[in-house]
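Reading the structure
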Amino acid sequence: MSATSIPSAQRTDDDRPRFHIPAFPDDPAWNAAAADEEAGGVASEVRVFLDAQMEAGDVLVDAAPGFGFVALSATTAPGGLPTVFVAGLSGERMQALQDEALQLGGWLDELTAVFEPGMASSISDRLDPQGRVFVHLESAQVAAVCAWLKPWLDTERVLALCVSDAGSSTAWPEARSTLASVGFAPCALVQRDGDAVLLPCFDEPEPVVIALPRSLVDKDDRAAGATGRPIWSPETDGFVFSTPHCRTGYGVVGSQLLRAMQARGIPVALRVIGPLDRRLAANPMLDAAVARQQSIGAQVPSVRLSQSFDLLAHTESGPRVGFTIFELDTFTPLEMSHIQGQDALIVCTEWARQVCIANGVSVPIHIVPLGVDRAIFHQAVPPESAARGRTTDTRFLQVGKLEPRKGQLELLRAFEAAFTPQHAVQLVLHCYNPFLTRSAFDELAAPFRTSPMRDRITVMSSELPNARDVAELMATADCGVFAVRAEGWNLEALEMLSMGKTVIATDTTAHTAFLTTANARLIEIDALEPALGGAVTGSWAAWGDAQHGQLVEHLRAVHTERQHGTLLPNVAGIATAERFSWEASADALLAALAAIMA
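Rules behind the numbers
Residues numbered from 1 in each chain as written. Predicted model: local features only at pLDDT ≥ 70, side-chain atom pairs only at ≥ 80, totals over all residues. Heavy atoms only, no water. Pairing = 2+ DSSP bridges. Helix = DSSP H or I, 4+ residues; strand = E, 2+ residues; numbered from the N terminus. Axes fitted to C-alpha atoms, helices over the stretch in contact; angles between N-to-C directions. Contact = heavy atoms within 4.5 Å. pLDDT = per-residue confidence, 0-100. Parallel < 35°, antiparallel > 145°, perpendicular 65-115°, else oblique. Left-handed = near helix turned anticlockwise from the far one by under 90°. Nonpolar A, V, L, I, M, F, W, Y, C, P; charged D, E, K, R; others polar. Buried < 20%, exposed > 50% of the residue type's maximum accessible area, 1.4 Å probe, protein only. Polar contact = N/O pair within 3.5 Å; in protein donor to acceptor, adjacent residues only side chain to side chain. Phe/Tyr/Trp six-rings, centres within 6.5 Å; stacked < 30°, edge-to-face > 60°. Lys NZ or Arg CZ within 6 Å of the ring centre and 35° of its normal. Core = buried A, V, L, I, M, F, W, Y, C linked by side-chain atoms within 4.5 Å. Salt bridge = Lys/Arg side-chain N within 4 Å of Asp/Glu carboxyl O. Right-handed = clockwise from strand over helix to strand, strands pointing away.

**Quick notes on the sheet that holds strand E22 (residues 521-523)**
If you walk across this open sheet you meet the six strands as E19-E18-E17-E20-E21-E22, and the pairing is parallel. What marks the edges here is a single partner per strand, and that holds for strand E19 (457-460) and E22. Put simply, the sheet's adjacent strands are angled 20° from each other on average, direction ignored. Sheet topology places strand E21 (residues 502-506) next to E22; three bridges connect them, and they run parallel. Directly across from threonine 506, in E22, lies its bridge partner isoleucine 523. Across the sheet, helix H16 (residues 438-449) touches strand E18 (425-430) and E19, and the angle it forms with E19 is around 170°.

**Quick notes on the confidence of the model for the chain**
The share of residues in the chain with pLDDT of 70 or more is 91%, and the mean pLDDT across the chain is 87. The low-confidence segment residues 218-229, where pLDDT is below 50, has 21 contacts with residues more than four positions distant or belonging to other chains.

**Some remarks on the packing of helix H15 (residues 408-418) against helix H19 (residues 545-564)**
Orientation of H15 relative to H19, taken along the N-to-C sense of each, is 60°, at an axis distance of 9 Å. One way to sum up the angle between H15 and H19 is to call them oblique. Considering how the two elements wind past one another, H15 and H19 form a crossing that is right-handed. Residues Glu410, Leu411, Arg413, Ala414, Phe415, Ala417 and Ala418 of H15 lie in contact with H19, whose contacting residues are His548, Leu551, Val552, Leu555 and Arg556. For the contact of H15 with H19, the residue count by class is eight nonpolar, one polar and three charged.

**Focus: helix H17 (residues 467-475)**
Of all the positions in H17, only Val470, Ala471, Glu472, Leu473, Met474 and Ala475 are classed as buried. Between the side-chain oxygen at the start of H17 and the backbone nitrogen of arginine 468 there is a gap of 3.0 Å, and the oxygen is on asparagine 466.

**Comments concerning the packing of aromatic side chains**
All chains considered together, the criterion is met by twelve aromatic pairs. Ring centres of phenylalanine 326 and tryptophan 351 lie 5.9 Å apart, and the angle between their planes is 40°; on these two criteria the pair is classed as tilted. Pair noted here: phenylalanine 326 is in the loop between strand E14 (320-323) and helix H12 (333-340) and tryptophan 351 is in helix H13 (residues 350-358), with a separation of 25 residues, a long-range link. Judged by relative accessible area, which is 8%, phenylalanine 326 ranks as buried. Tryptophan 351 sits in the partly exposed class, given a relative accessible area of 23%. Three or more aromatic residues joined by ring pairs form one cluster here, namely Phe326, Phe331 and Trp351. Against the face of phenylalanine 24 rests arginine 93, its NZ or CZ located 4.7 Å from the ring centre.

**Digging into the nonpolar core**
One broad trend across soluble globular proteins is that nonpolar side chains are buried collectively. Grouped together as the largest cluster of nonpolar side chains are 71 residues, with contacts concentrated most on Phe239, Phe323, Leu370 and Leu515. Looking at this core, the element that brings in the most residues is helix H21 (residues 582-597), giving ten residues. When residues no more than four places from it in sequence are discounted, the contact partners of phenylalanine 323 are Tyr250, Leu257, Val303, Arg304, Leu305, Ser306, Leu311, Ile346, Cys348, Val368 and Leu370.

**Regarding the pattern of salt bridges**
Applying the stated criterion across every chain, the model contains 27 salt bridges. Between arginine 304 and aspartate 310 there is a salt bridge, with the nearest N and O atoms lying 3.2 Å from each other. For arginine 304, a relative accessible area of 8% puts it in the buried group. Looking at aspartate 310, the relative accessible area reads 25%, which means it is partly exposed. Across the salt bridge formed by lysine 406 and glutamate 487, the nearest N and O atoms sit 2.6 Å from each other. Taken together, the residues span a long stretch of sequence, with lysine 406 in the loop between strand E17 (394-399) and H15 and glutamate 487 in the loop between strand E20 (479-482) and helix H18 (491-498) at a distance of 81 residues. In terms of burial, lysine 406 and glutamate 487 fall into one category: buried. One connected set of salt bridges, linked through shared partners, spans Glu327, Lys401, Glu403, Arg405, Lys406 and Glu487.

**Overview of the side chain of histidine 559**
Position of histidine 559 relative to the elements: it lies in helix H19. Not counting residues up to four positions away in its chain, the partners in contact with histidine 559 are Thr394, Phe396, Phe419, His423, Ala424 and Val425.

**Digging into the environment of tryptophan 540**
Locating tryptophan 540 in the fold gives a position in strand E24 (residues 539-541). C-alpha separation for the pair tryptophan 540 and threonine 508, spaced 32 residues apart in sequence, amounts to 8.7 Å. Leaving out residues up to four positions away in the same chain, tryptophan 540 has contacts with Leu328, Pro404, Arg405, Arg485, Ala486, Ala527, Leu528, Glu529, Pro530, Ala531 and Leu532.

**Structural notes on H18**
Among the eight residues that make up H18, seven are buried, leaving the element largely enclosed by the rest of the structure. Taken together, the buried positions of H18 are Leu491, Ala493, Leu494, Glu495, Met496, Leu497 and Ser498. Glycine 500 lies just past H18 and shows a positive phi near 75°.

**Let's talk about the sheet that holds strand E16 (residues 365-367)**
Strand order in the open sheet formed by six strands is E12-E11-E13-E14-E15-E16, with parallel pairing between adjacent strands. Looking at strand neighbours, the two that pair on one side only are strand E12 (268-276) and E16, the edges of this open sheet. For this sheet, the mean angle separating the axes of adjacent strands, direction not counted, is 20°. Those strands touched by H13 are strand E15 (344-347) and E16, and its axis lies near 165° from that of E16.

**Remarks on the side chain of histidine 245**
Here histidine 245 is to be found in strand E11 (residues 239-245). Ignoring anything within four residues of it in the chain, the contact list for histidine 245 reads Gly251, Ser255, Val272, Ile273, Pro275, Leu276, Asp277, Leu280 and Leu286.

**Observations regarding the pairing of E11**
Most of E11 sits out of view: seven of its seven residues are buried. Sheet analysis places E11 next to E12, joined by six bridges and oriented parallel. When the sheet's bridge partners are listed, valine 240 is paired in E12 with alanine 269. On the question of chirality, the crossover connecting E11 to the parallel E12 by way of helix H10 (residues 249-263) is right-handed. Judged from the three bridges that link them, E11 and strand E13 (residues 302-305) form a sheet pairing that is parallel. Across the sheet, the residue bridging to phenylalanine 241 is valine 303, located in E13.

In structure tokens form, the structure reads like this:
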């Protein structure tokens, strides 16, 4: 080792160093890197792999060059001199590495560390028709680099993504999920019978991970890892999906996720919980999904979308994944036993994840936001439909089953305080509750039918036939009102946003995932109280004079704007709904399953 460079641990056929690394002794990390090189090589797994794989015409992108060990190793690879792009180095270090490369008859190209799609042409111009792309990077860079690599990922030109800090980086779990979502399986280079071989790694990663396309992993020998767990491919293996398929909230979620998955070509085996309502969603592949459960593999993940006390009924031997939606902040012992009986848990929001953590849930938790079908719920519902029953009155609409949690009675009291029968206002409640008897429903609806404002109130006590009918009802409204005490998601509020309607809602629990001060008129909550007076486990938003006053003020403000012609379409709400599509939900579910199976 000289004062200005250190020789590589890699040697030529005549036992000379393949290259020399310019020294930077003032760098705090230099001594450790030099010691590693003397011991066999910095990121030696990556360099051994590159030696075996790289050929002339290939391209290496070194996004984490450090002192240049990997970049110069690729430049001198025995298979030929590939093109090497180096990102993120200072001018001094880049010049020093280029000088060394010139001594070897090669060259290093500089690449900005800001990976933008427009830079793709730089790589394409240097990539031979049969050439492949290799990338050396760190965990925190994986998402940005994969987005930038899309042109080559789509054409299957990327052979490997070498992650040099997988064993030590807190960003690795997210990176692993991203790699799975683009079809790459993490592998480790290990010694087997005297040879260096790549084997899938499923649990704790090796210090360095070399991610390869799943298509390159031997499909006939799919249990090569230390745990024996098979490599899972969503496109070929699919998963078992147990879910309601009826007119409940769970049924709507299940049917929409099923359709979005099938649109991506994912072979889902559907196991229906309860009755199968074929009218719920137009799905010509529904029967195929039901039939597929007879041929699905035993080791695929089993996803059960159901209530927290109904998650244990998995029949497959693969990972058991509970997907649950809840409104309150405390689980019963029965719910905890079902949740803890899963290999992983899926919830809809960060609020729900924090509730799980506070309750002591110890299984891995993944977030899959729900969505809205903008082909049905949009701002341009045909005028003839939207105009049905329309008047010059300001129409407030509440959609959600009639029950204390939904806050219809609080809405009634605010409506009575805000207006008199002489005001040009209407309150419509689409509040059918399939879990109530007719007498129980009538008892809860009685205050609306005897209210001083009863002539201005419509209580819809039967279910609308389909989602398009719900959208047409929403199109006749000026404002959706959701004075809820607690929510597990609130599909209807998101649907109202998607239609560009003004929304009034409580600022609490799960729907805060998409309701903000930019897209809704929020009612601040300053305390919690026992739900149903302590009749059930958990707390929900306390409703007092402050909340009543805020709702009255919001109702009056919307009415004033509507009558003055200044109530504008909710553009921010539409933008929010565009982000929360069922397609995005399906992508999040696939990413969660990939992380669970990795």
